[in-house]
Structures are given as C-alpha cells and as structure tokens.
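# Breakdown of the fold
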Amino acid sequence: MVQVGSLSISPPLVNASCAWASDLSQLQALFDCPYTGAVVTRTSTLEGFAENDSHTVAFVASSASSLNSYGYSPHPLAQYLAWTETLLSAAPAARAHKPFIISTTASDPDALRASLAAIQALRAKGPAFARIGVEFNTSCPNIRGAAPTGYAPAALAPLLGVLAAAGRADATLTLGLKLPPYVHAGQFAALLELLRGLCVDGADADGAGRARCPIAYIACTNTLGSALMFADQVAGGAAGAFAVPTALGGLAGDALHPLALGNVYSFARLLDAEPPASPLRDVVIVGIGGVTSAAAAVRMRAAGASVVGSATLFGKEGVRAFEILSGE
Ligand SMILES: Cc1cc2nc3c(=O)[nH]c(=O)nc-3n(C[C@H](O)[C@H](O)[C@H](O)COP(=O)(O)O)c2cc1C
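Residues numbered from 1 in each chain as written. Predicted model: local features only at pLDDT ≥ 70, side-chain atom pairs only at ≥ 80, totals over all residues. Heavy atoms only, no water.

## Here's the deal with the overall build of the chain
- In terms of helices and strands, the chain carries nine helices and 14 strands.
- Relative to its length of 328 residues, the chain is compact, with a C-alpha radius of gyration of 18 Å against a globular reference of 20 Å.
- Taken along its principal axes, the extent of the C-alpha atoms in the chain is 60 × 45 × 40 Å.
- In the chain, which comprises 328 residues, the share counted as buried stands at 52%.
- Of the contacts formed within the chain by residues at least 6 apart in sequence, a portion of 72% connects residues at least 24 apart.
- About 12900 Å² of surface is accessible on the chain, with carbon and sulfur atoms providing 58% of the total.
- Treating the 19 positive side-chain charges of the chain as one cloud and the 22 negative ones as another, the clouds have centres 4 Å apart. (Helix = DSSP H or I, 4+ residues; strand = E, 2+ residues; numbered from the N terminus. Rg over C-alpha atoms; globule rule 2.2 N^0.38 Å. Buried < 20%, exposed > 50% of the residue type's maximum accessible area, 1.4 Å probe, protein only. Contact = heavy atoms within 4.5 Å. Areas by Shrake-Rupley, 256 points an atom, 1.4 Å probe, with all protein chains shown as cover. Lys, Arg positive; Asp, Glu negative; His and termini not counted. Charge placed at Lys NZ, Arg CZ, Asp CG, Glu CD.)

In structure tokens form, the structure reads like this:
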C-alpha cells in the first residue's frame with residue numbers, strides 16, 4: 001500500500017490515463033480489476049474534445065510500443081463524474097477503498113477552477129466519494145497549436161496556482177501532475193522550482209506546523225511527442241503512408257522506457273536532495289512509460305517510483321496486463 005495524499009493505493013499499480021479508460025465499461029473493468037490500486041480516467045475537459053478519424057493509436061510490430069495521435073476524451077468531464085458516481089455508489093466491499101483519479105486539463109485558470117469545483121461537488125456528496133483524486137494533465141503532445149504546459153513553466157504557473165488554492169481550501173483533495181518526458185536537467189529543476197513556490201504560503205502549514213506541498217504526486221511520463229513511424233512498422237499495417245494519419249504522434253511503451261526511467265530517477269534524486277524539512281520530500285512519484293513486463297515494473301520502482309502505471313500494455317492486453325505486471 002502506498003499513501004498518496006489522502007488516497008491509499010493498494011496494490012501500488014495503476015492504469016495510466018489513456019484511451020482505454022474512456023467509457024463506462026472500460027472504467028468498470030478497471031474498477032473490478034484486483035491487480036490495480038486505483039482507476040485513472042482518460043483526460044477530459046469541461047466541453048469534451050472534438051475527436052475525429054485522425055485521432056487513433058497504432059501498435060508497433062517489433063516491440064511493445066505504441067504511437068498515438070489522440071487528443072483528450074470526446075466525453076466531457078461531467079460524464080466522467082457521472083460514471084464515477086455510478087461506480088462508487090455500487091462498489092462491492094472488496095473495492096470499498098479503491099480510489100478514482102479523475103484526469104483533467106485546461107489551458108485557462110477559469111476553466112480549471114470550474115473543473116475542480118465540479119469534482120469537489122461530487123466529493124462532497126458523501127464519504128464514498130472522498131476517495132476521488134485529481135490528475136492535472138500538463139503533457140498531451142497531440143493538441144494542435146497548444147504546447148504542453150509541462151514544457152512551458154510560465155503557462156503552467158497560473159494553473160498550478162489554481163490547483164494549490166483548491167488544495168489549500170481542502171487538505172483532503174489529492175492532486176497530481178502528469179508530466180511530459182524531460183530531456184535535460186534544467187527542465188526538472190524548473191518544475192521543482194514551481195512546486196517549491198506552491199509550498200511557501202503559510203496557509204499550507206499542516207497541524208504539525210510543517211509546510212505542505214499541495215501537489216501530492218507527479219506522474220512521469222506522458223508520451224514523447226513529435227514521433228513518426230511508417231505504416232510498415234505497425235502491427236497489421238496502416239491505411240496511409242504513416243502509422244497514424246497525422247504522421248506525428250506520441251511515442252509510448254518499450255521505446256519510451258529508458259527515458260521514462262531517467263525521468264523518474266532524476267526526480268527521485270532531486271526530491272531526495274531536498275532539505276529534511278522540505279515538503280517536497282513528501283511528493284510521491286508515479287512511474288509510467290514502457291512498463292510492459294513485471295521486470296520493467298521492478299525497474300521503475302528501482303529508479304524511484306512508489307506507484308507504477310501502464311497504458312500501452314493495457315491497450316494490448318486489456319486488464320490482464322496488470323496481472324502480468326504484478327508478476328503473478
Ligand atoms: C492511446 C493512448 C492514449 C493516451 N491518452 C492519455 C490521456 O488521455 N491522458 C494522459 O495523461 N495520458 C495519456 N496517454 C499517455 C499514457 O498515460 C502514458 O503516459 C504513456 O502512454 C506512457 O506509458 P506506456 O508506455 O505504458 O504506454 C495515452 C497513451 C496512449 C497510448
């Protein structure tokens with residue numbers, strides 16, 4: 001069991017937010033799966049995303065890798081909240097404590113404030129809904145004209161301010177950040193500097209008088225954007241010249257694994273180097289990227305992840321993926 005903010009994640013293995021956590025039946029299967037400790041929804045926005053045929057995923061023929069061109073879910077946030085309410089209301093005893101993590105995103109602080117208010121309205125409906133957390137996705141590489149905010153500290157700062165305000169108003173609200181893959185030391189340092197800035201406010205002090213970081217976890221990493229594969233590299237081929245109709249997409253699975261491990265390792269070392277009283281030391285790392293075997297899950301934990309997540313293997317195998325990853 002791993003404690004992440006107010007959420008107990010047991011076992012510490014989850015699905016990563018993805019297109020296979022998109023509808024009620026998929027969420028039900030994830031909720032029922034005994035090998036995961038939480039359900040993470042596909043990323044949704046207030047309005048829903050205009051999905052079309054160019055948004056898809058291809059599995060690579062030569063390894064357990066994927067390339068996808070998806071944006072966010074076509075279903076709006078309100079739909080995910082309704083499905084979450086349905087599933088948590090009917091939770092069997094065996095799943096009485098399994099949390100739901102709602103992945104959402106926004107590029108504008110007002111929209112994020114509205115999203116958090118909607119999530120909090122569901123959490124306020126009763127104790128069964130208190131185990132709902134929020135993952136703020138800073139890192140979808142497939143949104144035309146919108147750089148992932150995880151790569152743009154100036155754009156991310158006001159959004160983190162909104163998240164921190166919600167966390168200060170309700171210390172039981174567990175907040176996480178889904179980060180893009182970083183490739184140089186300055187990017188890790190810049191993210192930690194933003195997090196440090198959220199902790200200085202005295203209003204964050206908990207009962208013991210120690211400052212608290214309103215962000216309970218970071219999930220590393222999302223897919224690596226601007227990747228290209230040709231149709232003949234894809235299992236079963238593809239209709240056009242490229243693996244996905246947009247040519248460029250987000251790379252995941254085995255091909256991403258070393259970079260994801262490096263991101264987890266880098267953050268783990270930096271968090272560990274924080275002074276003993278630093279609230280950043282409490283930030284939990286969720287390791288995601290190329291966890292396609294039990295050995296890869298072990299590597300993620302050795303690199304510094306407390307919780308491990310997977311999308312590509314889940315897409316290939318369904319929820320059986322989590323039995324494979326748990327080594328049983
Ligand atoms: C088809 C597909 C859809 C995805 N959709 C989302 C999403 O909605 N939100 C998100 O935060 N990450 C999304 N991701 C990224 C995954 O959560 C994960 O970070 C990435 O795929 C690396 O993990 P993996 O190697 O296990 O696939 C998606 C990945 C795939 C393959």
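The structure having been displayed, the exposition proceeds.
## Quick look at the pattern of salt bridges
- In the structure shown here, the tally under the stated rule is eight salt bridges.
- Here Glu51 and Arg42 are joined by a salt bridge, their closest N and O atoms 2.9 Å apart.
- Its relative accessible area of 35% is what places Glu51 among the partly exposed residues.
- Its relative accessible area of 7% is what places Arg42 among the buried residues. (Salt bridge = Lys/Arg side-chain N within 4 Å of Asp/Glu carboxyl O.)

## Quick notes on the sheet that holds strand S5 (residues 57-59)
- With antiparallel pairing, the four strands of this open sheet are ordered in space as S5-S6-S12-S11. Where the open sheet ends on each side, the last strands, each with one partner, are S5 and strand S11 (224-228). Pairwise comparison of adjacent strand axes, ignoring direction, gives a mean angle of 40° for this sheet.
- Pairing geometry for strand S6 (residues 65-68) and strand S12 (residues 248-253), over four bridges, is antiparallel. (Pairing = 2+ DSSP bridges. Axes fitted to C-alpha atoms, helices over the stretch in contact; angles between N-to-C directions.)

## Focus: helix H1 (residues 24-32)
- Residues of H1 that are buried include every one of Leu27, Leu30 and Phe31, and no others. Along the axis of H1, the buried positions cluster into a sector of 100°, meaning they face one direction only.
- Those residues of H1 that are buried lie in contact with strand S3 (13-15), strand S4 (39-40), helix H2 (77-89), strand S7 (100-104), helix H8 (312-317) and helix H9 (320-325). (Arc of directions from axis to C-beta.)

## Some words on the nonpolar core
- One finds Leu163, Leu177, Leu195, Ile218 and Phe267 to be the most contacted residues of the largest nonpolar core, which totals 86 residues.
- One finds Ala58, Ala243, Val244 and Leu251 within the second-largest nonpolar core, a separate group that totals nine residues. (Core = buried A, V, L, I, M, F, W, Y, C linked by side-chain atoms within 4.5 Å.)

## Observations concerning the site of the ligand
- Contacts to the ligand come from 25 residues, most closely from Ser17, Thr43, Lys178, Gly290 and Thr312.
- Between the ligand and Ser17 there is a distance of 2.6 Å, counted from an oxygen atom to a backbone nitrogen or oxygen.
- Lys178 places a polar side-chain atom, nitrogen or oxygen, 2.7 Å from an oxygen atom of the ligand.
- Taking 600 Å² as the accessible area of the ligand by itself, protein coverage stands at 98%.
- Within the residue set of the shell around the ligand, elements represented by two or more residues are S6 and S12.
- Residue composition of the shell around the ligand, grouped by class: ten nonpolar, 13 polar and two charged. (Near = heavy atom within 4 Å. Polar contact = N/O pair within 3.5 Å; in protein donor to acceptor, adjacent residues only side chain to side chain. Nonpolar A, V, L, I, M, F, W, Y, C, P; charged D, E, K, R; others polar.)

## What about the sheet that holds strand S10 (residues 217-220)?
- Reading across the sheet, the eight strands line up as S3-S14-S13-S10-S9-S8-S7-S4 and stay open at both edges, with parallel pairing between neighbours. Either end of the sheet is taken by a strand with one partner, and the two such strands are S3 and S4.
- Across three bridges, the pairing between S3 and strand S14 (residues 307-310) is parallel. Paired with Leu13 across the bridge in S14 is Val308.
- This element, helix H3 (residues 109-123), spans S7, strand S8 (132-137) and strand S9 (175-179) of the sheet and lies at about 165° to S8.

## Section: the side chain of Thr45
- Assignment of secondary structure puts Thr45 in the loop between S4 and S5.
- Here Gly48 takes part through its backbone nitrogen, which lies 3.1 Å from a polar atom of the side chain of Thr45.
- Beyond its immediate sequence surroundings of up to four residues, Thr45 is in contact with Tyr72, Pro76, Leu77, Thr104 and Thr105.

## Remarks on the environment of Leu88
- Relative to the helices and strands, Leu88 resides in helix H2.
- With 142 residues separating them in the primary sequence, Leu88 and Phe230 have C-alpha atoms 42 Å apart.
- Dropping the residues within four chain positions of it, Leu88 is found in contact with Phe31, Lys98, Phe100, Ala128, Phe129, Arg131 and Ile132.

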